[in-house]
Each structure stands twice: as structure tokens, then as C-alpha cells.
Amino acid sequence: MSTVRYQGRMHEFQKELMGRYYAELTRGAETGQGHAAWMLISGNPVELVRAFDMLPVYPEVNALQLGVRRQSLPLIQKAEELGYSIDNCAYVKADIGLFFSGLKAPFATIPRPELILCNYVGCGVYLQWFEHLAEYTGAPIFNLDIPTVRGPSGRARPDDVRYVVGQLEELIALCERITGKPLDQAKLRQILQWSKETGDLWAEIKSLTKFVPSPFDAYFDAVTLMGPLYCLRGTEDGLTFFREARSELAERVRQGLGPLPDERFRIVMEGPPPWPYLRIFRDLFTKWGAVAVASTYSTVGGLWEFGFRHDPDRPLESIAEHMLEYNLTNRSFHQRYQQIRQYVEEWGADALVIHSVKSCRLFSAGQGDMREYFSKELGVPTLLIESDLEDPRYFSEAQMRNRIDAFFEALEHRKLVKA
Ligand code: SF4
């Protein structure tokens, strides 16, 4: 059986930086200073928030951290006792449970918000979730209305960009009122420059998995990179992390090293991971020598590998374009097909694995059709498995193992026949 043998400097550095990020949140909670803004991962204007020295807090990241530590279930149940339905997104329930447990997580104490910064980028749950948080906390809520990208071009219309820029200007005025200081344009440009360079490095890192063997797993190890990409984007620390990660991973390419001793299958992963069972889930693929060379989940915060960069010379326009167009959750299902197809073809994958999660309709609705399209129309071997991203009650290891083993046995047979 293959075992994962890669835990490099990048992982240690990530732990250190995320530890510092959470220590800053705890300091904010304990001192009451720092102007915490509670925000969402997909399509957020974190650069703007950082320009005001506000603390970006991500309830989704907190929920997944609780999931990884297997601490989410009592919080989910607390929210259900309060009336949240069994069918609600479990991120929401873990987060609401955390709020009503005093905001004390094992990794940080979360500061109360001075701003609830919501945005509509495809997920309708966002609106209700953050409206509830505004009601519970009493903090002002600002909702950015981001039109869905329409039409076959998949491009944001200039009118839509202007519409979002107008809202960003209103948001700036609100942040000025909250922090008591005007927007520092030079500072915003510097932050955007750091984000732009981070985008360059992230895109470069994602292209390294085209090498055989892939130097890292673009699903399981990409998670390590996603923390700094979202929580520390627009900071010098975040950029330093990506410089080091790029150099370490490029070195692994030169040495021909992959995360497994033997890369036998290259797969594309669709859907978020089951956080409470991440290690077990990974091992089900590791056992078969399967390495993810690309994943859609790693693009929930943006699509840099397809060309997007923040632009310090067009600060608000480029923030708007990121939210509108270069954002997985704001795209159509056909664009997601296109993205996966590109991964399969350009990254040289043998198969597509779809992890359908009960909690998230945004990700999971339509995945049955997706499987049909890839397996029947394109002839790409496709496996669909089901559990949840946060709620451990929906993970059945035995059932999952049977499906995965049967799939890879068939894939192995197919490879042998082809050879
Ligand atoms: S439904 Fe999905 S995208 Fe929406 S908040 Fe829940 S996990 Fe996130």
C-alpha cells in the first residue's frame, strides 16, 4: 500500500502563519480592538477590508477547522435544537452553534463583528446565514449583490462591473465610518500588488501538477495552500508563503518527487472534502496510488489559473471582476464542465472523482448529470461518491471504500487492457 510521504517546509510554514492569523483574531476578541469583518470565502473584497486594517474573519474557514478537529457535531446539534433544519448547510449550523457557545473554538476565540460583509455569488444560503448573524450580533450588514455571469461568453458585462464598483464605493464609505479613517489609496494599491503576485505564484504552482509525477496532491495538499490564499491574501506574509511554496514544489518537480512513492492514477476531484474524515478519505485513494492533479474545490476562492490577476492600477474594477467572473461559485454549470474538461485534458488525468456533499446544493446539484456527461459523452471514467463536508453523520467509511475499490479495480483493468 502506498503511503503519503510528503510533509514539507510548506506545511510547517502554513501552520505557523495560520497560527499567527488565529492569534490575531484571539487578540482582537480579547481586547475588543481590530474592527472584525465577518466575510465569505467566495467572491470577497478582502483587499479592501485589509486597506482599512480590519480583521477578516471567515465563518466557513472556522467551520471547516472545527470539522477537521471533529468538533463540529455538538455545534451542529446545538443549532438544530435552536430550530435549524437537518437539511441546512452544516457550515451554517456549526457556525451558529459556535456563536451560541461563546465563539470559543479550540484554535481561536473569534472576535465579534463590527461589520457583516455578505455577498451573493451563486450561493443563496450566504444571504440567510449572514442575515441571521447580523440579527444575533447586532452588527451592521452590507450585502454585495453580484450578478451571475450570463451568456455563452462567460464574461462579465461592463455594466455589471460598474454595478459592483458602485457597491464597493458604498462599502468604502461604510468602512470609513466604522474605522474612522479615509481609504488610503496607496495602501490599497500595495495590497493589490501583493495579491497580484500571490495570484501569479498560485497559478504557477497549480501548473506544476501537469508534471509526472505531480509534485503534490492538488486536492488534499492544495488545502494547505488555500488557508494562506484566502486568510492572508493581500499581505506580505501571504506572498512570502507562496514564494517559498513555489520554490519547494518546483524543487520537487526537479527531483521527480510526488506525494506517493508510486503515482499510478492521476485524478481530478470535484466537490469539497469531508473535513471530519479527511485523513481516512485521503487514504482510500492513496491505497490505489491515486493523486489528484486538479480539483474544482481549490478554486472556490478564485480562478487564478485561468488568467485572473488583481490589478493595482484598476483596484475596484479588478476586485469586481474577481467577484463576478473569476469565481467558481458565480459561474454556470456548463462553465464548470468546461473547467473540469480542461483539467482532464491538459493535466493528463485518468479519471474524474465527484464527491457529492449533502450540505451544499451549490456544489452538488446537477452532479448526476455531470457524471453522465463525463462518463458517457466524453468517455472519462467517473466515480460519484457521497457524504458531507462537515456533518460526520453522513460519512460511511465501509460504503465509501467499496465504491472506491470497485472503481479503481475497473480502472486498473482498463489500463492493463489498453497497455
Ligand atoms: S451551501 Fe455550500 S457554498 Fe453555500 S454556504 Fe453552504 S457550503 Fe458554502
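Residues numbered from 1 in each chain as written. Predicted model: local features only at pLDDT ≥ 70, side-chain atom pairs only at ≥ 80, totals over all residues. Heavy atoms only, no water.

1. As for the packing of helix α13 (residues 333-346) against helix α15 (residues 367-377)
For clarity, the cut-off: With axes taken as lines fitted to C-alpha atoms, and helix axes fitted only over the stretch in contact, angles between N-to-C directions fall between 0 and 180 degrees. Put simply, DSSP H or I for four residues or longer makes a helix, DSSP E for two residues or longer makes a strand, and each gets a number counted from the N terminus. Here is the rule for angles: anything less than 35 degrees is roughly parallel, anything more than 145 is roughly antiparallel, 65 through 115 is roughly perpendicular, and the remaining ranges are oblique. Whether a crossing is left-handed or right-handed is set by the direction in which the near helix is turned from the far one by less than a right angle, anticlockwise for left-handed and clockwise for right-handed. Any two residues whose heavy atoms approach within 4.5 Å are treated as being in contact. Side-chain classes follow a simple rule in which Ala, Val, Leu, Ile, Met, Phe, Trp, Tyr, Cys and Pro form the nonpolar group, Asp, Glu, Lys and Arg form the charged group, and the remainder, Gly included, forms the polar group.
Put simply, α13 and α15 touch, their axes get as near as 11 Å, and they point 40° apart. Taken together, α13 and α15 sit at an angle that is classed as oblique. In the crossing of α13 with α15, the sense of the turn from one axis to the other is right-handed. Within the contact between the two elements, α13 uses Phe333, Arg336, Tyr337, Ile340 and Arg341 and α15 uses Gln367, Asp369, Met370, Tyr373 and Phe374. Here the residues of the contact of α13 with α15 are counted per class, giving six nonpolar, one polar and three charged.

2. Observations regarding the environment of Glu251
Applicable threshold: Buried residues are those whose accessible area, probed at 1.4 Å on protein chains only, stays under 20% of the maximum for their type, while exposed residues exceed 50% and partly exposed ones sit between those limits.
In this fold, Glu251 is placed in helix α10 (residues 236-255). Taking the relative accessible area as the measure of exposure, Glu251 reaches 31% and is therefore partly exposed. Put simply, Glu251 and Pro215 are 36 residues apart on the chain and 8.8 Å apart in space, counted from C-alpha to C-alpha.

3. Describing the pairing of strand β8 (residues 382-387)
Short version of the rule: When DSSP finds at least two bridges between two strands, those strands are taken to pair.
Burial within β8 is extensive, with five of its six residues counted as buried. Summarising the sheet, strand β7 (residues 351-357) and β8 pair through six bridges and their orientation is parallel. The partner of Val357 across the bridge, within β8, is Ser387.

4. A few points about the packing of aromatic side chains
To describe a pair of aromatic rings, you give the distance between the ring centres and the angle between the ring planes. The criterion, for reference: The pairing test for Phe, Tyr and Trp rings, Trp by its six-membered ring, is centres within 6.5 Å, and the orientation test on the planes gives stacked under 30 degrees, edge-to-face over 60, and tilted for anything in between. Criterion for a charge above a ring: Lys NZ or Arg CZ within 6 Å of the ring centre, and within 35 degrees of the ring normal.
Here the structure, examined in full by the defined rule, presents 28 aromatic pairs. Geometrically, the ring pair formed by Phe407 and Phe408 is edge-to-face, given 5.4 Å between the ring centres and 85° between the ring planes. A connected cluster of aromatic rings, assembled from ring pairs, spans Tyr219, Phe220, Phe265, Phe281, Phe285, Trp288, Phe407 and Phe408. The ring centre of Trp347 lies 4.3 Å from the NZ or CZ of Lys210, which sits over that ring.

5. Quick word on the pattern of salt bridges
To keep it simple, the criterion reads: Any Lys or Arg side-chain nitrogen located within 4 Å of an Asp or Glu carboxyl oxygen qualifies as a salt bridge.
Under the criterion given, the structure shown has 29 salt bridges. Close ionic contact of Arg155 with Glu325 constitutes a salt bridge, the shortest N to O distance being 2.4 Å. With Arg155 in the loop between β4 (141-145) and α7 (158-179) and Glu325 in the loop between α12 (315-324) and α13, the pair connects residues that are 170 residues apart, well separated along the chain. In this structure, Asp391 and Arg393 form a salt bridge, with 2.7 Å as the shortest nitrogen-oxygen distance. Overall, the relative accessible area of 3% leaves Asp391 in the buried class.

6. Side note on the sheet that holds β7
With respect to topology, four strands assemble into an open sheet ordered β6-β5-β7-β8, the strand pairing being parallel. Strands with a single pairing partner mark the edges of an open sheet, and in this sheet they are β6 (290-295) and β8. Direction aside, the axes of adjacent strands within the sheet are offset by 30° on average. Note: strand β5 (residues 265-270) against β6, five bridges, orientation parallel.

7. Observations regarding empty space enclosed by the protein
Left-over empty space is what a probe sized like a water molecule reveals as it rolls over the atoms. Rule in force here: In this analysis a 1.4 Å probe is tested at points of a 1 Å grid over the protein atoms alone, and where it fits but cannot get out there is a cavity; an open set with protein on both sides within 12 Å along at least five of seven lines is a pocket; lining residues have an atom within 4 Å of a point. Grid points are joined across faces, edges and corners, and a volume is the space filled by probe spheres set on the points.
Tallied over the entire structure, the rule returns two cavities of 30 Å³ or more. As for the largest cavity, its lining consists of Lys206, Thr209, Ala218, Val293, Ala294, Ser295, Ser298, Glu305, Tyr343 and Trp347. If one sorts the elements of the lining of the largest cavity by residue count, β6 sits on top with three residues. Here the residues of the lining of the largest cavity sort into five nonpolar, three polar and two charged. Lining the second largest cavity we find Asp217, Phe220, Leu260, Arg282, Phe285, Thr286, Ala290 and Val291. Of all the secondary-structure elements, those providing two or more residues to the lining of the second largest cavity are α11 (278-286) and β6. Ranked by residues supplied to the lining of the second largest cavity, first place goes to α11 with three residues. Considered class by class, the residues forming the lining of the second largest cavity number five nonpolar, one polar and two charged.

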